[in-house]
Amino acid sequence: MFANDLLKNKRILITGGGTGLGRAMAERFLQLGATVYICGRRLEVVQKTATELSAATGGTIEGFACDVRYPEDVEALIEKLWSSGPLDVLVNNAAGNFLAKTEELSPHAFDAVIGIVLKGSINMTLACGRRWLASQHKGVVLSITTTYADTGSAYVVPSAVAKAGVAALTRSLAIEWGGRGVRFVAIAPGAIRTEGAFSRLLPTPELEKALLDHNPLHRFGTLEEIGNLAAFLVSDHAGYINGEMVYMDGGEMLAGSSSFSMIGRRLPDSAWQIMKPKK
Ligand code: HXC
Ligand code: NAP
């Protein structure tokens, strides 16, 4: 199935593609023949990743600065990309998240996460979707959610409400736009080691162990696993999969998905102090 030309002739944009899961998906898509565009707020990060992945795979990849929270930023990037032809796939991967007691969160803290995850996904999806519909060009939107998108989770509430919104966006537009050639899928990953996620959400060995103990497979997911699943879902082989959110979590969701709910019983107040932003 993963023939080297699986994604040949596909032009794919990955938000947050400079690091972590986004970078891993970019690498796999390049290996399978796609032309890849990545964006993030930090231009130097996406450009460095593009240079490294181009050297490693021989594929075509370009990095752009774009803050997905702002429709004008998104519109400018999408217009620029479309000027050399339509995209075929959008991956909504950019995110923000942190562990916190909800009653202590400021309005800005909620805005920061919901702005990136939910509004960012809406901005990107509309900018690409309107163009696909107008030109009757087929498109695929893959959004990366989390195991707690359907159930919610304590201590990551801005992320939980935003990811639930992204799941709703996926399922709603799968119906509204599916018949007009735009297909929607999502992946709900369990924990996969990345600097961005682990530094903010699993900052101690005790928390890592708690999550591993809870997971039926007693291990984290891998970058290769998400790269392969994403490649399949955006490929033509998955053409009849629409509106589906695939759990890639070793069974964690079935075991009780609200990943961070267990930490309230385990974390002393001193640990909460450490996780607060430094003023
Ligand atoms: C409480 C916090 C906080 C924390 C930030 N804030 N961190 N509040 N606890 N730990 C508050 C700040 O005080 C501020 O509010 C507001 O949030 C915005 O913070 P800024 O630093 O100004 O925001 P910004 O620079 O936009 O950064 C956004 C961010 C940051 C989300 C806060 O973490 C970020 O850039 N993240 C991007 C990468 C990321 O998060 N990756 C992990 C994804 S993993 P005030 O009121 O003080 O101004 C994931 C799923 C993992 O999503 C699942 C694993 C199993
Ligand atoms: P990550 O490395 O921190 O990735 C987040 C990316 O989003 C960064 O490259 C960041 O780049 C970008 N980003 C943040 N705000 C942005 C904005 N406003 N505009 C554009 N880009 C922005 O974390 P990750 O672990 O790879 O997470 C990737 C995705 O997987 C996220 O959707 C996350 O929720 C999901 N996920 C991860 C795990 C896990 O265990 N790793 C589990 C479940 C779900 P800049 O800072 O340069 O903007």
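These lines cover the structure that appears in this document, whether it is placed above or below. All values derive from a computational prediction rather than experimental measurement.

What follows is about the overall build of the protein. Summing up its helical and strand segments, the protein has 9 helices and 7 strands in all. For 279 residues, the compact-globule estimate of 2.2 N^0.38 gives 19 Å, and the protein sits close to it at 18 Å. C-alpha atoms of the protein, sized along the principal axes, occupy 55 × 40 × 40 Å. For the protein, with 279 residues in total, the buried portion stands at 51%. Pairs at least 24 residues apart make up 77% of the contacts formed inside the protein by residues separated by at least 6 positions. Separation between the mean location of the 28 positive side-chain charges and that of the 27 negative ones in the protein comes to 1 Å.

Below, the discussion takes up the nonpolar core. Nonpolar side chains tend toward joint burial in soluble globular proteins. One finds Phe 29 and Leu 142 to be the most contacted residues of the largest nonpolar core, which totals 32 residues. For this core, the secondary-structure elements that each account for two or more residues are β1 (11–15), α1 (20–31), β2 (35–40), α2 (43–57), β4 (89–92), β5 (139–144), β6 (182–189) and α8 (223–234). With 6 residues, α8 is the single largest residue contributor to this core. The residues touching Phe 29, leaving out its near neighbours within four places in the chain, are Leu 7, Ile 12, Ile 14, Ala 34, Val 36, Val 91, Gly 227, Ala 230, Ala 231 and Val 234. Core analysis: the next-biggest nonpolar cluster, separate from the first, contains 26 residues, Val 74, Ile 116, Cys 128 and Leu 173 among them.

Here helix α4 (residues 107–135) crosses helix α5 (residues 157–178) at 15 degrees, and the two axes come no closer than 7 Å. With respect to α5, the element α4 is oriented roughly parallel. For the crossing formed where α4 meets α5, the hand is right-handed. Taking contact as the criterion, the partners of Phe 110, Val 113, Ile 114, Val 117, Leu 118, Ser 121, Ile 122, Thr 125, Leu 126, Gly 129 and Leu 133 in α4 are, on α5, Val 157, Pro 158, Ser 159, Val 161, Ala 162, Lys 163, Gly 165, Val 166, Leu 169, Leu 173 and Trp 177. Class assignment of the residues belonging to the contact of α4 with α5 gives a composition of 16 nonpolar, 5 polar and 1 charged.

Here we take up the site of ligand 2. The full set close to ligand 2 counts 26 residues, and Thr 19, Arg 41, Arg 42, Asn 93 and Thr 194 are the nearest of them. Residue Val 68 places a main-chain N or O atom 3.0 Å away from a nitrogen atom belonging to ligand 2. Against a free-state accessible area of 870 Å², the protein chains account for coverage of 91% of ligand 2. A class-by-class count of the residues in the shell around ligand 2 yields 11 nonpolar, 10 polar and 5 charged.

What follows covers the site of ligand 1. Around ligand 1, a shell composed of 23 residues is seen, among which Arg 41, Ser 106, His 108, Arg 200 and Lys 279 lie nearest. The separation between an oxygen atom of ligand 1 and a polar side-chain atom of Arg 41 is 2.8 Å. Take Asn 97: an N or O atom from its main chain is 3.0 Å from an oxygen atom of ligand 1. Isolated, ligand 1 exposes 1100 Å² of accessible area, and the fraction of that covered by the protein chains is 72%. Breaking the shell around ligand 1 down by element, the ones donating at least two residues are α4 and α6 (195–201). Partitioned by chemical class, the residues of the shell around ligand 1 number 13 nonpolar, 6 polar and 4 charged.

Here we come to the pattern of salt bridges. When the charged atoms of two side chains with opposite charge come close together, those side chains can pair. Taken as a whole, this structure holds 12 salt bridges when the rule is applied. Of the charged contacts, one joins Lys 101 and Asp 269 as a salt bridge, the two residues approaching to 3.4 Å between their closest N and O atoms. One end of the pair, Lys 101, is in the loop between β4 and α4; the other, Asp 269, is in helix α9 (residues 269–275), with 168 residues separating them in the sequence. Among the ionic pairs, Glu 225 bridges to Arg 219, the shortest N-O distance being 2.7 Å. Judged by its relative accessible area of 39%, Arg 219 falls in the partly exposed class. Bridged by salt links that share partners, the residues Arg 23, Lys 48 and Glu 52 form one connected network.

Across the sheet, 7 strands lie side by side as β3-β2-β1-β4-β5-β6-β7; this open sheet has parallel pairing. In this open sheet, the two edge strands, each paired with only one partner strand, are β3 (61–65) and β7 (244–248). Strand-to-strand twist of the sheet, defined as the mean angle between neighbouring strand axes without regard to direction, takes the value 20 degrees. Bridge analysis of β4 against β5 gives 4 bridges, and the strand direction is parallel. Bridge assignment links Leu 90 to a residue of β5, and that residue is Val 141.

The end-to-end C-alpha distance of α2 is 21 Å, a good match for the 21 Å that 15 residues give at a rise of 1.5 Å each. Turning to α2, its buried residues are Val 45, Val 46, Thr 49, Ala 50 and Leu 53. Buried residues of α2, viewed axially, fall in a sector of 130 degrees; they line one side. Exposed and facing more than 90 degrees away from the buried side of α2 are Glu 44, Lys 48, Thr 51 and Ala 55. Tucked into the core, α2 has its buried residues touching α1, β2 and β3.

Thresholds, definitions, all that
- Residues numbered from 1 in each chain as written.
- Chains lettered and ligands numbered in written order.
- Predicted model: local features only at pLDDT ≥ 70, side-chain atom pairs only at ≥ 80, totals over all residues.
- Heavy atoms only, no water.
- Helix = DSSP H or I, 4+ residues; strand = E, 2+ residues; numbered from the N terminus.
- Rg over C-alpha atoms; globule rule 2.2 N^0.38 Å.
- Buried < 20%, exposed > 50% of the residue type's maximum accessible area, 1.4 Å probe, protein only.
- Contact = heavy atoms within 4.5 Å.
- Lys, Arg positive; Asp, Glu negative; His and termini not counted.
- Charge placed at Lys NZ, Arg CZ, Asp CG, Glu CD.
- Core = buried A, V, L, I, M, F, W, Y, C linked by side-chain atoms within 4.5 Å.
- Axes fitted to C-alpha atoms, helices over the stretch in contact; angles between N-to-C directions.
- Parallel < 35°, antiparallel > 145°, perpendicular 65-115°, else oblique.
- Left-handed = near helix turned anticlockwise from the far one by under 90°.
- Nonpolar A, V, L, I, M, F, W, Y, C, P; charged D, E, K, R; others polar.
- Near = heavy atom within 4 Å.
- Polar contact = N/O pair within 3.5 Å; in protein donor to acceptor, adjacent residues only side chain to side chain.
- Areas by Shrake-Rupley, 256 points an atom, 1.4 Å probe, with all protein chains shown as cover.
- Salt bridge = Lys/Arg side-chain N within 4 Å of Asp/Glu carboxyl O.
- Pairing = 2+ DSSP bridges.
- Expected span 1.5 Å × (residues − 1).
- Arc of directions from axis to C-beta.

So, to be careful, I would describe these as geometric facts and stop short of saying anything about function.
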